[in-house]
Amino acid sequence: MTQTALILGATGRFGRNAAEQFAAAGWAVREFDRSRDDLMASARGADVIVNGWNPAYTDWAEQVPELHARVIKAARQTGATVILPGNVYVFGPDSPAPWTAASDHGAKNPLGCIRIQMEEAYRQSGVRTILLRGGDFIDTQNSGNWFDKVLIKSLARGRFTYPGNPDIPHAWAYLPDYCRAIVQLAERRETLPAFTDIPFPGYTMTGREMAEILDRISPGPVRLGMMSWLPLILAQPFWRLAGCLLEMRYVWNTPHWLDRADFDRVLPGFQTTPVREALASAVSLPSIEQQINPNQTVTAGS
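Throughout, residues of each chain are indexed from 1 in the direction in which the sequence is written. A pLDDT threshold of at least 70 governs which residues receive local features in this predicted model, and a stricter bar of 80 or more applies before side-chain atom pairs are shown or counted, although totals over entire chains, interfaces and linings include all residues. Excluding hydrogens and water, the side-chain values take into account all heavy atoms of the structure.

## Description of the overall build of the protein
The line we're drawing: Helical segments are the DSSP runs of H or I of at least four residues, strand segments are the runs of E of at least two, and each set is numbered from the N terminus. Each radius of gyration is computed over the set of C-alpha atoms, and the globule rule expresses the reference value as 2.2 Å times the number of residues to the power 0.38. Think of it in three bands: residues with accessible area under 20% of the maximum for their type are buried, residues over 50% are exposed, and the middle band is partly exposed, with areas taken using a 1.4 Å probe on protein chains only. Contacts between residues were defined by any pair of non-hydrogen atoms, one from each residue, lying within 4.5 Å. Residue exposure ignores everything except the shown protein chains as possible cover, and the areas themselves are Shrake-Rupley values with a 1.4 Å probe.
Counting its secondary structure elements, the protein contains 12 helices and 11 strands. Scaling as 2.2 N^0.38, a compact globule of 302 residues should have a C-alpha radius of gyration of about 19 Å, and the protein matches this with 19 Å. Residues counted as buried form 54% of the 302 residues belonging to the protein. In the protein, of all internal contacts separated by at least 6 residues, the share reaching a separation of at least 24 is 78%. Just so you have it, the protein exposes about 13,600 Å², and 50% of that area is on carbon and sulfur atoms.

Right, here's the structure in full:
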């Protein structure tokens with residue numbers, strides 16, 4: 001019998017990729033529209049609720065608790081499993097790597113504390129929940145994340161801009177792989193603990209290593225440059241988002257990677273897209289291709 005996934009936030013980067021991967025795996029996909037749909041009615045008959053709702057940073061304190069309380073209520077009444085895209089915000093700058101499901105959630109900053117409280121609400125709810133914790137997202141299209149908004153913004157001019165220490169490891173998640181893993185976990189949900197917290201190993205790269213890969217797969221040379229945080233510091237008094245971005249700056253200067261032991265145990269043999277292929281797909285955006293050379297397509301190397 002066909003299983004059904006209700007996707008919340010289907011127009012966002014995570015929700016879009018999740019919808020594609022569930023559909024590719026043969027699931028019936030319902031895309032929730034907050035402007036017209038009722039959550040409880042939409043959740044009836046759904047096997048999983050894929051929670052891709054993610055308000056702007058500046059709205060987290062006000063909206064995150066209420067949005068997730070609604071999801072918990074819908075899942076409790078319908079019996080659906082909730083799928084949560086986890087991130088690394090729960091870990092503080094003093095949390096030693098590798099980060100695992102057992103690592104201390106030591107974040108003290110406001111955004112990190114909101115994530116900790118949100119995850120704990122699911123843990124205490126009794127609702128079957130699967131949280132796959134990934135690093136920074138690499139998408140296949142321009143979706144306003146750190147990778148395309150900052151790191152490769154000037155790639156057409158041969159510049160790769162890094163916002164932190166380029167010589168320490170950083171965790172990355174290629175969204176098609178990440179969401180494919182979510183589908184496989186959803187299909188195994190009955191065999192998992194009621195609250196499942198699994199790190200997604202993805203890729204671990206330094207900024208310098210990422211720049212070197214991009215240099216090899218790009219039509220022209222790519223040089224590594226450092227992002228200046230000074231404009232954000234100066235903008236804090238009149239731009240709330242600047243303060244939120246500065247709050248998470250420590251992640252770019254904290255060496256970290258996600259332990260793969262639990263993931264490999266639950267999804268043995270999972271095949272990750274080669275990193276060069278993933279990065280090639282991420283930089284093969286029309287806007288970037290046209291700026292580099294409208295007649296040349298960026299492809300993955302051998």
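## Thoughts on the sheet that holds strand β8 (residues 170–174)
Our working definition: A strand pair is defined by DSSP finding two or more bridges across the two strands. Angular values range over 0 to 180 degrees, each being the angle between N-to-C directions of two axes fitted as lines to C-alpha atoms, with helices fitted over their stretch in contact.
Spatial strand order, β6-β8-β10: three strands in an open sheet with mixed pairing. Looking at which strands have only one partner, the edges of the open sheet turn out to be β6 (136–138) and β10 (203–205). Adjacent strand axes in the sheet meet at a mean angle of 40 degrees, parallel and antiparallel pairs treated alike. As paired strands, β6 and β8 are joined by three bridges and run parallel to one another. What sits directly across from Phe-137, in β8, is Ala-173.

## Some remarks on the confidence of the model for the protein
Rule in force here: Residue-level confidence of the predictor is what pLDDT reports, using numbers from 0 through 100.
In the predicted model, the protein carries a mean pLDDT of 92, and the fraction of residues at 70 or more is 94%. This model gives residues 285–302 a pLDDT under 50, and the stretch forms 28 contacts once residues within four places in sequence are excluded.

## Quick word on the packing of aromatic side chains
Rule in force here: Stacked, edge-to-face and tilted are the three classes for Phe, Tyr and Trp ring pairs, Trp counted by its six-membered ring, which pair at centre distances within 6.5 Å; planes under 30 degrees apart are stacked, over 60 edge-to-face, the rest tilted. Cation placement over rings: the criterion is NZ of Lys or CZ of Arg within 6 Å of the ring centroid and within 35° of the ring normal.
What the rule picks out here adds up to 18 aromatic pairs. Centroid distance Tyr-162 to Trp-252: 5.5 Å. Interplanar angle 90 degrees. Geometry classified as edge-to-face. Separated by 90 residues along the polypeptide, Tyr-162 in strand β7 (residues 159–162) and Trp-252 in the loop between α9 (240–247) and α10 (261–266) bring together distant segments of the chain. When its relative accessible area of 1% is taken as the criterion, Tyr-162 is described as buried. With a relative accessible area of 3%, Trp-252 lands in the buried category. Connected via pairs of aromatic rings, a cluster forms that spans Trp-146, Phe-147, Phe-160, Tyr-162, Trp-172, Trp-229 and Trp-252. We note Arg-34 situated over the ring of Trp-53; from NZ or CZ to the ring centre the distance is 5.1 Å.

## Regarding the packing of helix α1 (residues 13–24) against helix α6 (residues 175–187)
The cut-off we apply is this: The scheme is simple: roughly parallel for angles under 35 degrees, roughly antiparallel for over 145, roughly perpendicular for 65 to 115, oblique for anything else. Crossing handedness is read from the near helix: turned anticlockwise from the far helix by less than a right angle, it gives a left-handed crossing, and turned clockwise, a right-handed one. Any residue that is not Ala, Val, Leu, Ile, Met, Phe, Trp, Tyr, Cys, Pro, Asp, Glu, Lys or Arg is counted as polar, Gly included; the first ten are nonpolar and the last four charged.
At their nearest, the axes of α1 and α6 sit 9 Å apart, and the two run at 55 degrees to each other. With respect to their mutual orientation, α1 and α6 come out oblique. The handedness of the crossing between α1 and α6 comes out as right-handed. Where α1 abuts α6, its residues Arg-13, Phe-14, Asn-17, Ala-18, Gln-21 and Phe-22 lie against Leu-175, Pro-176, Tyr-178, Cys-179, Arg-180, Ile-182, Val-183 and Ala-186. Taken together, the residues of the contact of α1 with α6 break down into 10 nonpolar, two polar and two charged.

## Considering the side chain of His-170
Tracing the backbone through its elements, the reader meets His-170 in strand β8. Among the residues examined, His-170 registers a relative accessible area of 1% and is labelled buried. Setting aside its immediate chain neighbours within four residues, His-170 contacts Asp-136, Tyr-162, Tyr-203, Thr-204, Met-205, Val-251, Trp-252 and His-256.

## Observations concerning the nonpolar core
Under the convention used in this document: What makes a nonpolar core is a set of buried Ala, Val, Leu, Ile, Met, Phe, Trp, Tyr and Cys residues whose side-chain atoms join them at distances within 4.5 Å.
In terms of nonpolar packing, the biggest core is built from 71 residues, with Ile-49, Ile-138, Phe-147, Leu-151, Phe-160, Trp-172 and Met-210 touching the most fellow members. When residues of this core are assigned to their parent elements, the largest contribution, seven residues, is made by helix α3 (residues 60–78).

## A word on a positive patch on the surface
We count it as follows: Patch definition: residues above 30% relative accessible area lacking any salt bridge, with like charges linked at up to 9 Å and the nonpolar side chains Val, Leu, Ile, Met, Phe, Trp and Tyr linked at up to 5 Å. Definition used for salt bridges: Asp or Glu carboxyl oxygen within 4 Å of a side-chain nitrogen of Lys or Arg. Positive charges come from Lys and Arg alone, negative charges from Asp and Glu alone, with His and the N- and C-terminal ends not counted. Where a charge lies is defined by one atom per residue type, namely NZ (Lys), CZ (Arg), CG (Asp) and CD (Glu).
Taken together, the side chains of Lys-149, Lys-153, Arg-157 and Arg-223 make up a positively charged region of the molecular surface. Positionally, Arg-223 belongs in strand β11 (residues 223–226).

## Quick notes on α1
To keep it simple, the criterion reads: Expected span, for any helix, means 1.5 Å times one less than how many residues it has.
The end-to-end C-alpha distance of α1 is 17 Å, a good match for the 16 Å that 12 residues give at a rise of 1.5 Å each. Among all positions of α1, only Phe-14, Gly-15, Arg-16, Asn-17, Ala-18, Ala-19, Gln-21 and Phe-22 are buried. Residues of α1 that are buried make contact with β1 (4–8), β2 (28–31), β3 (48–51), β4 (81–86), β6 and α6. Immediately downstream of α1, the backbone of Gly-26 shows phi near 90 degrees, a positive value.

## Quick notes on the sheet that holds strand β5 (residues 129–133)
Taken in spatial order, the six strands make up an open sheet running β2-β1-β3-β4-β5-β9, and their pairing is parallel. Only two strands of the sheet have a single partner each, and these edge strands are β2 and β9 (195–199). Here the strands of the sheet are splayed against their neighbours by 20 degrees on average, with no regard to which way each runs. Pairing of β1 with β3, which is carried by four bridges, proceeds in the parallel orientation. Following the sheet pairing, Leu-6 is matched in β3 by Ile-49. On the sheet, α3 packs against β1, β3 and β4 and is oriented at approximately 170 degrees with respect to β3. The sheet contacts of α6 involve β3, β4, β5 and β9, and relative to β5 the element is tilted by about 155 degrees.

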